[in-house]
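The chain contents come next:
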Amino acid sequence: MSGIPYERLRAFEGRATAAAGRGKDPVNEPMIRHWCEAMGDTHPAYQGPDAIAPPTMLQAWTMGGLSGNTERSGAYDELSRLLDDAGYTSIVATDCEQEYLRPLRPGDRVTFAGVIESVSERKTTKLGTGHFVTTRMDVRVDGDPEPVGTHRFRVLKYAPAPKKPQAKRPRPVINRDNAGFWEGVGAHRLLIQRCVGCATLRFPWLPGCNACGSREWDTVEASGEGTVYSYVVMHHPSFPGFALPDQAGDISGQAGEAGPYAVALVELAEGVRMVSNVAGVPYDKVRIGMPVRLEFLRVDGEWELPVFRATAGSAG
């Protein structure tokens, strides 16, 4: 891996990544409906004759699909090749930032222009050493000089650091919005947020209510009963940190295989759904509709994790 003079990388700042781009479809009601159904968003502003598009759909109207966008310039590809040739061959998206300046409505024809906004100096991260590249897309409506929104996307182009043995299960990210949930788990209580304004239950924890917008909430404790709403079976990669206890034993966290293992979307008796593991049954015996019961798994002797055990006889 060789270093690149930073002045050479900075020369890419301000160069266009897309010019005079046009969305392949106008803002339209079917896409808004599909988006809201997928997100579970029932806000009335996205329905009816005066509907607006959800602001978070901003990028959806600019995406080129499988055939891509023909308006893309070569500047970004040129920068990527330069970083590849210097040994920064891996890439990972790090964050996305959107700014919404006015709503989009069905019938609006979207145009966009993109630019390489910044290239960082060389940085060392846990993944490896590389450069952060930030692009900015300004989104407009045909004939309107003022943008309706801005989309920034940042990636890290890096040379992977040497891999270190990692057997422990990754830790959850705990922040001010979900700290109460993890405090409850530590006390063997599965807490669900409840909106004070409209009594809607929500999970995962959020700072505000999707139904009425209220930021006031309290909690209810889940009974622990649930059913498998959906699931996937992870076969690869095998990762010892995700091993579950011996299916025939208790949930001590001291035994088990690294995979395959089932990851389930469990519908709780209270009506909300959460992602977790299913223990007590082989991965290939997990079924949709299977009744499960909450348990708490002690992980690495340090912290608690909510998992679900198939009830007796449910595997058939």
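For the structure, check the block above.
The written sequence of each chain sets the order in which its residues are numbered from 1. Reporting of local features is limited, given that this is a predicted model, to residues whose pLDDT is at least 70; pairs of side-chain atoms are given and counted only at 80 or more, and all residues count toward the totals for whole chains, interfaces and linings. Side-chain numbers here rest on the full set of heavy atoms in the structure, without hydrogens or water.

Caption draft 1: The overall build of the chain, seen in detail. If you tally the helices and strands in the chain, you get four helices and 14 strands. With the C-alpha coordinates aligned to their principal axes, the bounding extent of the chain is approximately 60 × 55 × 35 Å. Within the span of the chain, comprising 316 residues, buried residues form 36% of the whole. Note on areas: Shrake-Rupley, 1.4 Å probe, and residue coverage restricted to the protein chains presented here. Entry remark: accessible area of the chain is about 17,800 Å², with carbon and sulfur atoms responsible for 53%. In DSSP terms, a helix is any run of H or I states spanning at least four residues, a strand is any run of E spanning at least two, and both are numbered starting from the N terminus. A 1.4 Å probe rolled over the protein chains alone gives each residue an accessible area, and that area as a share of the maximum for its type sets the label: buried under 20%, exposed over 50%, partly exposed in between.

Caption draft 2: How the structure looks around the nonpolar core. Throughout this description, the term nonpolar core refers to a set of buried Ala, Val, Leu, Ile, Met, Phe, Trp, Tyr and Cys residues connected via side-chain atoms within 4.5 Å. Among the nonpolar cores identified, the biggest contains 30 residues, and Leu-190, Val-228, Leu-268, Val-278, Val-292 and Phe-308 are the most heavily contacted of them. For this core, the elements supplying multiple residues, two or more each, are helix H4 (179–186), strand E7 (191–195), strand E11 (261–268), strand E12 (273–279), strand E13 (291–299) and strand E14 (303–310).

Caption draft 3: Broad picture of the sheet that holds strand E9 (residues 217–221). Taken in spatial order, the three strands make up an open sheet running E8-E7-E9, and their pairing is antiparallel. Every other strand in the sheet has two partners, leaving strand E8 (201–202) and E9 as the edge strands with one partner each. For two strands to be treated as a pair, DSSP must find no fewer than two bridges joining them. Relative to E8, E7 runs antiparallel, the two sharing two bridges. If you follow Gln-193 over to E8, its bridge partner there is Arg-202.

Caption draft 4: Main features of the pattern of salt bridges. Any Lys or Arg side-chain nitrogen found within 4 Å of a carboxyl oxygen on Asp or Glu counts as a salt bridge. What the rule picks out here adds up to 17 salt bridges. The partner of Arg-15 in a salt bridge is Glu-78, and the shortest N-O contact between them spans 3.2 Å. Taken as a pair, Arg-15 in the loop between helix H1 (6–10) and strand E1 (16–22) and Glu-78 in helix H3 (residues 75–85) lie far apart in primary sequence, 63 residues in all. Its salt-bridge partner being Arg-298, residue Glu-304 comes within 3.1 Å of it at the nearest N-O pair. Look at the salt bridges and you will find they share partners, linking Glu-117, Arg-136, Asp-138 and Arg-152 into a network.

Caption draft 5: Here's a closer look at H4. Those residues of H4 that sit buried are Phe-181, Trp-182, Gly-184 and Val-185. For H4, the arc enclosing every buried residue in end-on projection is 155 degrees, short of the 170-degree limit, so these residues lie on one face. For H4, the exposed residues lying more than 90 degrees away from the buried face are Glu-183 and Gly-186. Here, two residues are considered to be in contact whenever any of their heavy atoms come within 4.5 Å of each other. Buried residues along H4 sit in contact with E7, E13 and E14. Two residues or fewer past H4, His-188 is found with a positive phi of approximately 60 degrees. Taken from the helix axis, the directions to the C-beta atoms give the arc we talk about.

Caption draft 6: A look at the pairing of strand E10 (residues 225–234). In this sheet, E13 lies alongside E10 in antiparallel orientation, the contact comprising three bridges. Opposite Thr-227, over in E13, you have Pro-291 as the bridge partner. With eight bridges connecting them, E10 and E11 associate as antiparallel partners. By the bridge assignment, Tyr-231 is partnered in E11 with Ala-264.

Caption draft 7: Main features of the sheet that holds E13. The sheet built from five strands closes into a barrel, its strands ordered E10-E11-E12-E14-E13 with mixed pairing. Each strand axis lies, on average, 50 degrees off the axis of its neighbour in the sheet, ignoring direction. One ladder, built from two bridges, connects E12 with E14; its direction is parallel. Its bridge partner lying in E14, Ala-279 is registered against Arg-309. Across the sheet, H4 lies against E13 and E14, angled at about 70 degrees from E14, the strand it touches most. Fitted lines through C-alpha atoms give the axes, limited to the stretch in contact for helices. The angle between two N-to-C directions lies from 0 to 180 degrees.

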